[in-house]
Amino acid sequence: MDTLIPSLSQLIEFAVAPVFLLTGVAGFLSVMSGRLGRISDRVRVAERRIQTLADPQLVERSKQEIILLWSRVRATNWAIGFCVASGLMICLVIGLLFAGSLLVIDLKLPIVMLFVAAMLFLICALILFLVEVRLATRAVDIVRTIHKPQKYRHGPPPPL
């Protein structure tokens, strides 16, 4: 019984790092879910607005925006999926740490493989997050109706 307490204490120390990682993944998942909700709302607004537009240029611009928004939805959905997979792998790592210790089984290889898989899934989620942010930036260019004024090389700018 006396040897169980120090080993349990060490086991909890080993499990703390994956738990913190799991907390970070959960925070990232929350951010991605919030973005997905806002994108979905934006799609609904754009689809309703397109039915009221008469100007063909504005209709075309709205169609381009909707296509881009659906690309953002796909990227965000994939990022969420990879994030969830990463979280599940981290949970399995924590479970195997405790199971291996309690059952006195050497589970180093599965633990390492699951941890590496969790990191790969997290990397994929972060790359897809970057893709989604870049798509969002491109959407601003499509929607923008007021462009940044160009600098005038000769003389003062014209009056408003």
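Everything discussed here concerns the structure shown above.
The structure reproduced in this document is the subject of the present report. (Residues numbered from 1 in each chain as written. Predicted model: local features only at pLDDT ≥ 70, side-chain atom pairs only at ≥ 80, totals over all residues. Heavy atoms only, no water.)

### Concerning the overall build of the chain
Defined as follows: Helix and strand labels come from DSSP, where a helix needs a run of H or I of at least four residues and a strand needs a run of E of at least two; each type is numbered from the N terminus. Three exposure classes are used, based on accessible area relative to the maximum for each residue type with a 1.4 Å probe and protein chains only: buried under 20%, partly exposed in between, and exposed over 50%. Two residues form a contact once any of their heavy atoms are found within 4.5 Å. Throughout, the Shrake-Rupley method with a 1.4 Å probe supplies accessible areas, and for residues the shown protein chains are the sole cover considered.
Along its length, the chain carries 3 helices and 0 strands. Counted from the first residue to the last, the chain has its helices and strands arranged as α-α-α. The buried share among the 160 residues of the chain stands at 28%. In the chain, the share of contacts with a sequence separation of at least 24, taken over all contacts with a separation of at least 6, comes to 78%. For the chain, the accessible area works out to roughly 11,300 Å², and carbon and sulfur atoms hold 70% of it.

### Comments concerning the packing of aromatic side chains
Which entries qualify depends on this criterion: Put simply, two rings from Phe, Tyr or Trp (the six-membered ring, in Trp's case) pair if the centres are within 6.5 Å, and we call them stacked under 30 degrees between planes, edge-to-face over 60, tilted for the rest.
Per the stated rule, a full pass over the model turns up 3 aromatic pairs. Ring centres 5.4 Å apart and planes at 80° place the aromatic pair F28 and F129 in the edge-to-face group. With F28 in helix α1 (residues 4-50) and F129 in helix α3 (residues 108-143), this residue pair connects regions lying 101 residues apart in the sequence. Overall, F129 belongs to the partly exposed group, its relative accessible area being 24%. For the ring pair W78 and F82, a centre distance of 5.9 Å and an interplane angle of 35° mean the geometry is tilted.

### Observations concerning the pattern of salt bridges
Stated precisely, the cut-off is as follows: In what follows, salt bridge is the name for a side-chain nitrogen of Lys or Arg lying within 4 Å of a carboxyl oxygen of Asp or Glu.
Tallied over the entire structure, the rule returns 5 salt bridges. Among the ionic pairs, E132 bridges to R35, the shortest N-O distance being 2.6 Å. Of the two residues, E132 sits in helix α3 while R35 sits in helix α1, which places them 97 residues apart along the sequence. Across the pair, exposure class does not vary: E132 and R35 are buried alike. One network of salt bridges, in which partners are shared, links R35, R72 and E132.

### Some points on the environment of P110
Looking at where P110 falls in the secondary structure, it is placed in helix α3. Through-space distance from the C-alpha of P110 to that of L96 is 8.2 Å; in sequence the pair is 14 residues apart.

### Observations regarding a nonpolar patch on the surface
Spelled out, the test is: Each patch is built from salt-bridge-free residues with over 30% relative accessible area, joining like charges within 9 Å and nonpolar side chains (Val, Leu, Ile, Met, Phe, Trp, Tyr) within 5 Å.
A contiguous nonpolar surface patch, about 510 Å² in accessible area, is contributed by V112, V116, L120, I123, I127 and V131. With respect to the helices and strands, the residue V131 is situated in helix α3. Exposure remark for V131: the relative accessible area of 37% places this residue in the partly exposed category.

### A word on unusual backbone geometry
Although it is not a glycine, V104 adopts a positive phi angle of roughly 55°. Here V104 lies in the loop between α2 (56-103) and α3. By relative accessible area, V104 is classed as exposed at 74%.

### Things to note about the environment of W78
Topologically, W78 is positioned in helix α2. On the basis of relative accessibility, which here comes to 55%, the residue W78 falls in the exposed class. Taking the C-alpha atoms as reference, W78 lies 7.3 Å from A125; in sequence the two are 47 residues apart.

### A word on the layout of surface pockets
If a probe as big as a water molecule is rolled over the atoms, it shows which places are left empty. The line we're drawing: A cavity here means a set of 1 Å grid points, computed over protein atoms only, where a 1.4 Å probe fits but cannot escape. A pocket is an open set with protein on both sides within 12 Å along at least 5 of 7 lines, and lining residues have an atom within 4 Å of a point. Grid points are joined across faces, edges and corners, and a volume is the space filled by probe spheres set on the points. Put simply, Ala, Val, Leu, Ile, Met, Phe, Trp, Tyr, Cys and Pro go in the nonpolar bin, Asp, Glu, Lys and Arg in the charged bin, and everything else, Gly too, in the polar bin.
One number sums up the size of the largest pocket: a volume of about 290 Å³. The wall of the largest pocket is formed by 15 residues, among which L97, G100, S101, I105 and K108 lie closest to the centre. In terms of residue class, the lining of the largest pocket is built from 9 nonpolar, 4 polar and 2 charged.

### Structural notes on α2
Formally: An expected span of 1.5 Å times one less than the residue number is assigned to each helix.
In this model, α2 (48 residues) spans 70 Å end to end at C-alpha, consistent with the 70 Å of a helix rising 1.5 Å per residue. One or two positions beyond α2, positive phi appears at V104, with a value near 55°.

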